[in-house]
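Each chain, letter by letter, is given below.
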Amino acid sequence: MREIGFGLICGIAMAVAALLIAAWPVPGRPIAAFFPAGTGTADIARAVTDASGSLLQIDAAASVAFTMAERDGFVSSLYGAGAWLVIDAAFARLCTGSSAGSSR
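Report on the accompanying structure. The structure presented is a predicted model; accordingly, all values stated were derived computationally and were not measured.

1. Observations concerning the overall build of the protein
For step 1, the next point in the chain: When helices and strands are counted, the protein shows four helices and four strands.
For step 2, the next point in the chain: Restricting to contacts in the protein with at least 6 residues of sequence separation, those with at least 24 account for 63%.
For step 3, the next point in the chain: Surface summary for the protein: the accessible area is close to 6,300 Å², and the carbon and sulfur share equals 64%.

See the structure below:
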């Protein structure tokens, strides 16, 4: 029985690790910054511009901004500006059902 439990735990850990790797922001590609629910579009836009990013689109219903990095440390700056999750935009589109953001 311990082997089955160990296998389940390892399987779940590997699935979570694969998910995190797939969602990791890629430099030079659009990223999605998720903000707390109820965050206004003006606050989201201000957070992205304060972090020195260029705004591609804001999805107000999901409190997510699709943006491009303009400098190193952009992801850290977004977290500092109030984003609670920053992931690759292509992966975020799968989660939100949005067709936002264009790849360069």
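2. What about the nonpolar core?
For step 1, the next point in the chain: One finds Ile 31, Ala 33, Phe 35, Ile 44, Ala 47, Val 48, Ala 51, Ala 65, Phe 74, Leu 78, Ala 83 and Val 86 forming the largest nonpolar core, which totals twelve residues.
For step 2, the next point in the chain: Contributing elements (two or more residues each) for this core: strand 1 (31-34), helix 2 (41-50) and helix 3 (74-80).
For step 3, the next point in the chain: By residue number, the principal contributor to this core is helix 2, which donates three residues.
For step 4, the next point in the chain: Here Ala 83 is in contact with Ala 33, Phe 34, Phe 35 and Leu 78, once residues within four sequence places are set aside.
For step 5, the next point in the chain: Residues Ala 23, Phe 34, Ile 87 and Ala 92 belong to the second largest nonpolar core, which totals nine residues.

3. Overview of the side chain of Asp 88
For step 1, the next point in the chain: Locating Asp 88 in the fold gives a position in strand 4 (residues 85-88).
For step 2, the next point in the chain: Buried and unpaired, Asp 88 has no salt bridge, with Arg 29 as the nearest side chain of opposite charge at 4.1 Å.
For step 3, the next point in the chain: Sequence-distant contacts of Asp 88, that is, excluding residues within four places in its chain, are made with Ala 23, Trp 24, Pro 25, Val 26, Arg 29, Pro 30, Ile 31 and Ala 32.

4. Examining a nonpolar patch on the surface
For step 1, the next point in the chain: A cluster of nonpolar side chains, namely Met 1, Ile 4 and Leu 8, defines an oily patch on the protein surface of about 390 Å² accessible area.
For step 2, the next point in the chain: Looking at the secondary structure, you find Leu 8 in helix 1 (residues 2-23).

5. Examining the sheet that holds strand 4
Each strand in a sheet pairs with its neighbour through backbone hydrogen bonds, running either in the same direction (parallel) or in the opposite one (antiparallel).
For step 1, the next point in the chain: Here we have four strands laid out as an open sheet, ordered 2-3-1-4, and antiparallel in their pairing. Only two strands of the sheet have a single neighbouring strand rather than two, namely strand 2 (53-59) and strand 4. Direction aside, neighbouring strands of the sheet carry axes that sit 30° apart on average.
For step 2, the next point in the chain: Lying over the sheet, helix 2 contacts strand 2 and strand 3 (64-69), oriented at roughly 155° with respect to strand 2.

The rules behind these values
Residues numbered from 1 in each chain as written. Predicted model: local features only at pLDDT ≥ 70, side-chain atom pairs only at ≥ 80, totals over all residues. Heavy atoms only, no water. Helix = DSSP H or I, 4+ residues; strand = E, 2+ residues; numbered from the N terminus. Contact = heavy atoms within 4.5 Å. Areas by Shrake-Rupley, 256 points an atom, 1.4 Å probe, with all protein chains shown as cover. Core = buried A, V, L, I, M, F, W, Y, C linked by side-chain atoms within 4.5 Å. Buried < 20%, exposed > 50% of the residue type's maximum accessible area, 1.4 Å probe, protein only. Lys, Arg positive; Asp, Glu negative; His and termini not counted. Salt bridge = Lys/Arg side-chain N within 4 Å of Asp/Glu carboxyl O. Patch = residues over 30% accessible without salt bridge, like charges linked within 9 Å, V, L, I, M, F, W, Y side chains within 5 Å. Pairing = 2+ DSSP bridges. Axes fitted to C-alpha atoms, helices over the stretch in contact; angles between N-to-C directions.

Honestly, it's all geometry; don't read function into it.
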